[in-house]
Amino acid sequence: MSFWRTITWPFRIIPWWGYLIGLAILAWFGRGVLLIGATIIAFHPIPVSPLFQGEPETVAQARLQDLEHFDHVRRNERSFDAESRQAFADAIDALAARAATLTDAEFQLELARLQARIDNGHSNASATRMVQPFPRLPIRSAWFAGELRVLRALPGHQAMLGAQITAINGISADAAVWAFRDAFGGVDESYLTFAPLLLESPDYLAAVGMAAEITTLEVILTDGSTQIVTLEEVPPSADGERVFSGDLLQPWRREHDQWRVFEPAGDPLYLRHPDNAYWFEALPDGETVYVSLRANLDDDSGEPLSAWVARAEAEIRALAPRTIIVDQRFNGGGDLTQTEPLMTALGDIVGEDGRVYLLASGNTFSAGIVNLAMAKEAGPDRTYLVGEPIGDRLQFWAEGWWFSLPNSGFRARYSTGFYDLQNGCEGIFICHWGSLHIFPVIVDDLDIDISAPLTFEAYAAGRDPAMEAVWADLEG
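Residues numbered from 1 in each chain as written. Predicted model: local features only at pLDDT ≥ 70, side-chain atom pairs only at ≥ 80, totals over all residues. Heavy atoms only, no water.

S.K.: Any chance you could explain the overall build of the protein here in plain terms?
M.R.: Counting its secondary structure elements, the protein contains 17 helices and 17 strands. Here the protein holds 476 residues, and 52% of them are scored as buried. Contacts in the protein between residues far apart in sequence, at least 24 positions, make up 68% of those at least 6 positions apart. A total of about 22000 Å² of accessible surface is found on the protein, and carbon and sulfur atoms cover 55% of it. (Helix = DSSP H or I, 4+ residues; strand = E, 2+ residues; numbered from the N terminus. Buried < 20%, exposed > 50% of the residue type's maximum accessible area, 1.4 Å probe, protein only. Contact = heavy atoms within 4.5 Å. Areas by Shrake-Rupley, 256 points an atom, 1.4 Å probe, with all protein chains shown as cover.)

Quick look at the structure:
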């Protein structure tokens, strides 16, 4: 009897009407709370570090501990079938057998190659995390339409700004940039936005057989002269920002203020308003609105993305433009639900005789790609993709979780929610619920309609080939 009294005390203390109030509160908030909770459980299983792992006493112990934790990828990656999951487990075992013989960079590169077996852009290793603990060259470079160009340099190396790197330690820049391709899944266009990171790390150059006592570059400077330059590595910066090579095209993006930056001439639209991830303005012709959407996440402007979307849609409708240009060449993704109202309204805003131009590049990824699909599905006969091929396929796995291995710091990743923008998606615990029920999107393709790659020459001159292509198409 005392046990019964103990477990039923709430019913004696709280009056009946208290429970009615509680039920009313749950009825008001409960659906959303339950949906959020169920979504986390279904698509974002959080990895837990293996129990009873003490401080490793040897490199071998540290590597084996990391591989034990890395096994979360095998357990949680939902793109695997039974055969590929077993093959992944066998590959982990094979790496464990030789892990102690590898350098730190070789070990991280092997982990990245394991991730690459998944062949999914979202399930890749993080290149910025891979290079973070290692010394790097005093320059930062990006890939421009077949050229490796220096866009950042530490003091004392400013003469390198804008230079084209043609060879690294005697290996052509083209061959060097592809030397790490087997460590990353997904499409080439996305890979090239971060591959130069690894070329700036002598440890990773050594890991692929491109070692040298001092790194030697063959470069063509902006004055046209060819030089052989030797560069000594500098230690990593503990407080440095992690910046992808593809983001270096935005001059304000840098690791810290010590870096000197190559500044393009002019004032092209795509480089304006560096403090805003999303903004728009009416162009002087009176019939065109340019929309910049660099991320599907809240920026630091003080206006949440969802509020900006609602305001942008209303104000752009009031302008009644015949043409809308949406620039997503730097949009690596985020929350696709935030921008859906604007993207699906674009075709309706310009009307049957209007046009929507979507600017894309290899940096356009994840929710940025879904944005393109939303706009094209809503207005397929008046929507055109301009620029360079996007950074992923139309079938991909996303959601999931990042997690760091305890000793190497390697950033592992698994994906749990499927998106099929070409055929639709089926399966309640396969397809992410956003793509399955809330915002299902189907398009024939997201191929580039008007090719307009951003070359270094155009970048340096402050020109924008994509915008030039839009104006030419409108005039023609």
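S.K.: Is there a simple way to think about helix α17 (residues 465-475) in this case?
M.R.: Think of an α-helix as turning once every 3.6 residues; residues three or four places apart then point the same way. Of the residues making up α17, those classed as buried are Pro465, Ala466, Met467, Ala469 and Val470. Here the buried face of α17 lies against β9 (288-293), β10 (323-327), β11 (355-360), β12 (383-387), β17 (450-451) and α16 (456-460). Taking the backbone nitrogen of Ala466 as reference, a side-chain oxygen 3.1 Å away marks Asp464 as the first, capping residue of α17. (Polar contact = N/O pair within 3.5 Å; in protein donor to acceptor, adjacent residues only side chain to side chain.)

S.K.: Looking at this structure, how should I read the pattern of salt bridges?
M.R.: Once the charged atoms of two side chains with opposite charge are near each other, the side chains can pair. Counted according to the given criterion, the structure contains 27 salt bridges. Notably, a salt bridge pairs Asp182 with Arg113, separated by 3.1 Å at the nearest N-O pair. One end of the pair, Asp182, is in the loop between α8 (173-177) and α9 (188-191); the other, Arg113, is in helix α6 (residues 104-116), and 69 residues separate them in sequence. Overall, the relative accessible area of 21% leaves Arg113 in the partly exposed class. Put simply, Arg311 and Glu303 hold a salt bridge, and the shortest N to O gap is 2.8 Å. Relative accessible area serves as the criterion here: at 31%, Arg311 is assigned to the partly exposed category. (Salt bridge = Lys/Arg side-chain N within 4 Å of Asp/Glu carboxyl O.)

S.K.: Help me understand the state of the cysteines in this model?
M.R.: Covalently bonding the sulfur atom of one cysteine to the sulfur atom of another cysteine gives a disulfide. As enumerated under the stated definition, the model contains 1 disulfide in all. Disulfide pairing is shown between Cys425 and Cys431; the S-S distance is 1.9 Å. Here Cys425 and Cys431 share a disulfide; its torsion about the S-S bond, -90°, makes the bridge left-handed. (Disulfide = S-S within 2.5 Å.)

S.K.: Would you explain helix α14 (residues 367-378) in this entry?
M.R.: The end-to-end C-alpha distance of α14, which contains 12 residues, comes to 16 Å, matching closely the 16 Å that a straight helix rising 1.5 Å per residue would cover. A large share of α14 lies buried, amounting to 10 of its 12 residues. Considered for burial, the residues of α14 that qualify are Ala367, Gly368, Ile369, Val370, Asn371, Leu372, Ala373, Met374, Ala375 and Lys376. On the buried face of α14, the contacting elements are β9, α13 (336-350), β11, β12 and β13 (395-398). (Expected span 1.5 Å × (residues − 1).)

S.K.: Would you mind going over the environment of Arg98 with me for this structure?
M.R.: Structurally, Arg98 can be placed in helix α5 (residues 82-98). On the basis of relative accessible area, Arg98 is assigned to the partly exposed category, the value being 37%.

S.K.: Explanation requested: the sheet that holds β17 in the structure shown.
M.R.: The strands that make up a sheet pair up through hydrogen bonds in the backbone, lying either parallel or antiparallel. Strand order in the open sheet made by the 6 strands is β8-β9-β10-β11-β12-β17, with mixed pairing throughout. Both edges of this open sheet fall to β8 (278-282) and β17, since each of them pairs with a single strand only. As paired strands, β12 and β17 are joined by 2 bridges and run parallel to one another. Within the sheet, the bridge partner assigned to Val386 lies in β17 and is Ile450. Helix-sheet contacts for helix α12 (residues 305-319) involve β8, β9 and β10, and the interaxial angle to β8 is about 10°. The strands touched by α17 within the sheet are β9, β10, β11, β12 and β17, with β11 carrying the most contacts at an inclination of about 160°. (Pairing = 2+ DSSP bridges. Axes fitted to C-alpha atoms, helices over the stretch in contact; angles between N-to-C directions.)

S.K.: Would you take a moment to explain the nonpolar core for this structure?
M.R.: Residues Phe70 and Tyr459 are the most contacted members of the largest nonpolar core, which totals 88 residues. Examining the composition of this core, we find that 6 residues originate from one element, α6, more than from any other. If sequence neighbours within four positions are ignored, Phe70 has contacts with Phe88, Ile92, Leu111, Leu114, Gln115, Phe403, Leu405, Phe410 and Ala412. With 42 residues, the next largest nonpolar core counts Met343, Val370, Ala375 and Leu385 among its residues. (Core = buried A, V, L, I, M, F, W, Y, C linked by side-chain atoms within 4.5 Å.)

S.K.: Honestly, the packing of helix α4 (residues 59-76) against α5 in this entry has me stumped. Any pointers?
M.R.: In the contact formed by α4 and α5, the axes pass within 10 Å of each other and the chain directions differ by 170°. Of the possible angle classes, the one that applies to α4 and α5 is roughly antiparallel. For the pair formed by α4 and α5, the contact residues are Leu64, Leu67, Phe70, Asp71, Val73, Arg74, Arg75 and Asn76 on the first element and Arg85, Phe88, Ala89, Ile92, Leu95 and Ala96 on the second. When grouped by side-chain class, the residues that make up the contact of α4 with α5 number 9 nonpolar, 1 polar and 4 charged. (Parallel < 35°, antiparallel > 145°, perpendicular 65-115°, else oblique. Nonpolar A, V, L, I, M, F, W, Y, C, P; charged D, E, K, R; others polar.)

S.K.: How do you make sense of the packing of aromatic side chains when you look at a structure like this?
M.R.: The geometry of an aromatic ring pair is captured by the separation of the ring centres together with the interplanar angle, meaning the angle of the planes. For the structure shown, the criterion picks out 22 aromatic pairs. When the centroid spacing of 5.6 Å and the interplanar angle of 25° are considered together, the rings of Trp178 and Tyr191 count as stacked. Taken together, the positions of Trp178 in the loop between α8 and α9 and Tyr191 in helix α9 put the pair 13 residues apart, joining distant regions of the chain. Look at Trp178 and you get partly exposed, because its relative accessible area is 30%. (Phe/Tyr/Trp six-rings, centres within 6.5 Å; stacked < 30°, edge-to-face > 60°.)

S.K.: Whenever I open this one, the side chain of Ser292 confuses me. Can you help?
M.R.: Mapped onto the fold, Ser292 is located in strand β9. Overall, Ser292 belongs to the buried group, its relative accessible area being 2%. Discounting residues that sit within four places of it in the chain, Ser292 has contacts with Ala277, Tyr278, Trp279 and Asp327.

S.K.: Any chance you could explain the pairing of strand β5 (residues 215-220) here in plain terms?
M.R.: Residues in a regular strand point their side chains to alternate faces of the sheet. Where burial is concerned, the two faces of β5 differ: the one with Thr215, Leu217 and Val219 is buried and the one with Thr216, Glu218 and Ile220 is not. Pairing between strand β3 (residues 164-168) and β5: 4 bridges, direction antiparallel. By the bridge assignment for β5, Ala167 is matched with Glu218. Across 6 bridges, the pairing between β5 and strand β6 (residues 226-231) is antiparallel. Bridge pairing in β6 links Leu217 to Val229. Between the antiparallel neighbours β5 and β6 lie 5 residues, among them Gly224 with a positive phi of about 95°.

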